[in-house]
Amino acid sequence: MQAISEAQLHALADGVLPEEQRAAINAYLRAHPQDAARVDAWREQNRQLRALFDPLQQEAVPPALLQAAAPPAANHGWYRPAMQAAAAVVLVLAGGMGGWLLRGDGGDGMLATGASPLALARSAAIAHAVYTPEVRHPVEVGVEQEAHLVQWLSKRLGSTLQPPVLSPLGYHLIGGRLLPGDGDGPVAQFMYEEGTGKRLTLYVAKERAGRQETAFRYTQEKELGVFYWIDGQMGYALSARLPKAELGKIADAVYAQLESH
């Protein structure tokens, strides 16, 4: 049998695998249950992401954006609908995975001042939505190798990391992973879990030099809330499907421990 690539497995999970390849890959998965489980997990991730972000695509395009897309010249009437359509497409593409940028701290639909910290929250939320539903592989390195995990992530980010201890609040560390950043280098994600299976994640990114520090900020999309802040060279975002007050209490504990190191 011809070797099956990772790209083919992802294409199958995403529903874009060519029909002529499906029989061979399905036969391969029947003989390799571990890879079959991975494909099932990716399908579940896709479902979770669609459930979280697809409703944003139904939101109306803001009139100000449509007006900005219209050319000033009145004699280009054919051009106005095309630009309006382009603006709508851009908004959908940005909103599908980043509606946070249009909501701001208060969820009032206004663009927040300081888009970079809010982009940190958006990335953290997406990473949370992707990895917390995982059953078999929620983390890349488990807590049984915590010393290795911390050393590895610290080396990759170029800064000493120390995952906070949240057991007094009912959450224990289950591990973490390295993720690609938004141009500033890799980021770290630490994942915690409590007794009933609820999970929260701490997203840690090394920020560009000169970016201003921020106080706690909060944003929410449906049940998923994120507290985020920048402290010196590091940006942090704590994400969970918890009430704001409960998540805020945990964020206070995280901040206090990070400040003490």
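Remember, predicted model here, so these are calculated numbers, not experimental data. (Residues numbered from 1 in each chain as written. Predicted model: local features only at pLDDT ≥ 70, side-chain atom pairs only at ≥ 80, totals over all residues. Heavy atoms only, no water.)

## Overview of the overall build of the chain
Here is step 1 of the chain: Looking only at helices and strands, one finds eight helices and seven strands in the chain.
Here is step 2 of the chain: Scored against the burial criterion, the 261 residues of the chain give a buried share of 43%.
Here is step 3 of the chain: Expressed as a percentage of contacts within the chain between residues at least 6 apart in sequence, the contacts between residues at least 24 apart total 58%.
Here is step 4 of the chain: Counting every atom, the chain has about 14,000 Å² of accessible surface; 55% of that belongs to carbon and sulfur. (Helix = DSSP H or I, 4+ residues; strand = E, 2+ residues; numbered from the N terminus. Buried < 20%, exposed > 50% of the residue type's maximum accessible area, 1.4 Å probe, protein only. Contact = heavy atoms within 4.5 Å. Areas by Shrake-Rupley, 256 points an atom, 1.4 Å probe, with all protein chains shown as cover.)

## What about helix H8 (residues 244-260)?
Here is step 1 of the chain: Taking 1.5 Å of rise per residue, 17 residues should cover 24 Å, and H8 covers 24 Å from first to last C-alpha, within 8% of that figure.
Here is step 2 of the chain: Taken together, the buried positions of H8 are Leu247, Gly248, Ile250, Ala251, Ala253, Val254 and Leu258.
Here is step 3 of the chain: On its buried face, H8 is in contact with strand E2 (171-179), strand E4 (199-206), strand E5 (217-221), strand E6 (224-231) and strand E7 (234-240). (Expected span 1.5 Å × (residues − 1).)

## Concerning the pairing of E6
It is a general feature of regular strands that their side chains alternate between the two faces of the sheet.
Here is step 1 of the chain: Most of E6 sits inside the fold, with seven of its eight residues counted as buried.
Here is step 2 of the chain: Both E5 and E6 contribute to a ladder of five bridges, which runs antiparallel. From the neighbouring strand, glutamine 220 faces E6, where its bridge partner is glycine 225.
Here is step 3 of the chain: With seven bridges joining them, E6 and E7 adopt antiparallel strand pairing. Paired with tyrosine 228 across the two strands is alanine 237, which belongs to E7.
Here is step 4 of the chain: Count of turn residues in the E6/E7 antiparallel hairpin: two residues, of which glycine 232 carries a positive phi of about 65°. (Pairing = 2+ DSSP bridges.)

## Here's the deal with the packing of aromatic side chains
Here is step 1 of the chain: Considering all chains together, one arrives at six aromatic pairs under this definition.
Here is step 2 of the chain: Between the aromatic rings of tyrosine 218 and phenylalanine 227, the centroid separation amounts to 4.8 Å while the plane-to-plane angle is 50°, which identifies the pairing as tilted.
Here is step 3 of the chain: A residue is classified by how much of its surface remains accessible, and phenylalanine 227, at 8% relative accessible area, is buried.
Here is step 4 of the chain: Ring pairing ties together the aromatic residues Phe216, Tyr218, Phe227, Trp229, Tyr236 and Tyr255, which thus form one cluster.
Here is step 5 of the chain: We note arginine 177 situated over the ring of tyrosine 131; from NZ or CZ to the ring centre the distance is 3.9 Å. (Phe/Tyr/Trp six-rings, centres within 6.5 Å; stacked < 30°, edge-to-face > 60°. Lys NZ or Arg CZ within 6 Å of the ring centre and 35° of its normal.)

## Regarding the packing of helix H1 (residues 6-14) against helix H2 (residues 19-31)
Here is step 1 of the chain: Running from N to C, H1 and H2 cross one another at 105°; their axes reach a closest spacing of 11 Å. In terms of axis orientation, H1 runs roughly perpendicular to H2. Residues Gln8, Leu9 and Leu12 of H1 touch H2, and the partners they reach there are Gln21, Ile25, Asn26 and Leu29. (Axes fitted to C-alpha atoms, helices over the stretch in contact; angles between N-to-C directions. Parallel < 35°, antiparallel > 145°, perpendicular 65-115°, else oblique.)

## With respect to the sheet that holds strand E3 (residues 187-194)
Strand pairing in a sheet is mediated by backbone hydrogen bonds. Such pairs are either parallel or antiparallel.
Here is step 1 of the chain: Read across the sheet, seven strands follow the order E1-E2-E3-E4-E7-E6-E5 without closing on themselves; strand pairing throughout is antiparallel. Since the sheet does not close on itself, it has two edges, and those belong to strand E1 (141-142) and E5, each with one partner.
Here is step 2 of the chain: Pairing between E1 and E2: two bridges, direction antiparallel. Looking at E2, one finds that valine 141 is bridged to glycine 176.

This is a description of form; function is not addressed.
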